[in-house]
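# Observations on the model geometry
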Amino acid sequence: MENEIEIIKSIDGPWMKSTFFPPAHDDLISDFENKNKLNIPSSYKEFLKITNGAKLFGGDVFFYGVGSNKPDESIEFNINYDFSEGRVPNQLLIIGFYNSSHICYDKRSDSYILYEYEEFDEIEDECCSYSKLEDLLNYMIDIATN
């Protein structure tokens, strides 16, 4: 995953600026999970330990964080922020957005998906799905550079 982040950092241009936030520590991640009664997949926890959220490619992509322990540091959006006013099924963990799609983790299939209000039972057939977070990041890199 660090390789994909380095590639993203190397993509330059006025429309392509990416921002990575300071890493989250284990305690902050655990506190967020306990407070919000949710489980963050281990691969996303690894991402959070590198960057506690990120704003990529001029804001086209946003990965959510787990807040901050520092009063002077704010994270714009936290995991499970739903900009669709509840249209995302509770069974999906919202970890970000890409254009008009939510980036979600689907624990049923242990995969990351781009969710745009499909019926819950049809998600696996209708949504772009990635078995690893790195695959999703590579897809985003591909879209941004081509």
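Residues numbered from 1 in each chain as written. Predicted model: local features only at pLDDT ≥ 70, side-chain atom pairs only at ≥ 80, totals over all residues. Heavy atoms only, no water.

A few words now on helix α3 (residues 42-50). Every buried residue of α3 is listed here: Y44, F47 and L48. The buried residues of α3 occupy one face: seen down the axis, they fall within an arc of 100°. (Buried < 20%, exposed > 50% of the residue type's maximum accessible area, 1.4 Å probe, protein only. Helix = DSSP H or I, 4+ residues; strand = E, 2+ residues; numbered from the N terminus. Arc of directions from axis to C-beta.)

The next subject is the side chain of S84. By secondary structure assignment, the location of S84 is in the loop between β3 (61-63) and β4 (92-98). Of the residues examined, S84 reaches a relative accessible area of 9% and is grouped as buried. A polar atom in the side chain of S84 sits 2.4 Å from the side chain of D82. A distance of 3.3 Å separates the side chain of S84 from the backbone nitrogen of R87, its partner in a polar contact. Those residues in contact with S84, other than ones at most four positions away along the chain, are H102 and Y117. (Polar contact = N/O pair within 3.5 Å; in protein donor to acceptor, adjacent residues only side chain to side chain. Contact = heavy atoms within 4.5 Å.)

Here we take up the sheet that holds β4. Strand order across the open sheet formed by seven strands is β1-β2-β3-β4-β5-β6-β7, with antiparallel pairing between neighbours. In this open sheet, the two edge strands, each paired with only one partner strand, are β1 (19-20) and β7 (128-130). Bridge analysis of strand β2 (residues 54-56) against β3 gives three bridges, and the strand direction is antiparallel. In the strand pairing of β3, L56 is matched with V61. Sheet strands in contact with helix α5 (residues 133-145) are β3, β4, β5 (101-106), β6 (111-115) and β7, and its direction is about 40° off that of β6. (Pairing = 2+ DSSP bridges. Axes fitted to C-alpha atoms, helices over the stretch in contact; angles between N-to-C directions.)

Our next topic: helix α1 (residues 2-10). Every buried residue of α1 is accounted for by E4, I5 and I8. Looking straight down α1, one finds its buried side chains confined to an arc of 100°; they lie on one side. Every exposed residue of α1 that faces more than 90 degrees away from the buried side is listed here: E2, N3 and S10. Contacts from the buried residues of α1 go to β1, α3, β2 and α5.

Our next topic: the nonpolar core. Ranked by size, the top nonpolar core spans 48 residues in total, and within it Y44 and F63 carry the most contacts. In terms of residue count, β4 provides more of this core than any other element does, six residues in total. Residue contacts for Y44: discarding those within four places in its chain leaves F63, Y64, I79, I95, Y112 and L133. (Core = buried A, V, L, I, M, F, W, Y, C linked by side-chain atoms within 4.5 Å.)

So yeah, pure geometry; function would need other evidence.
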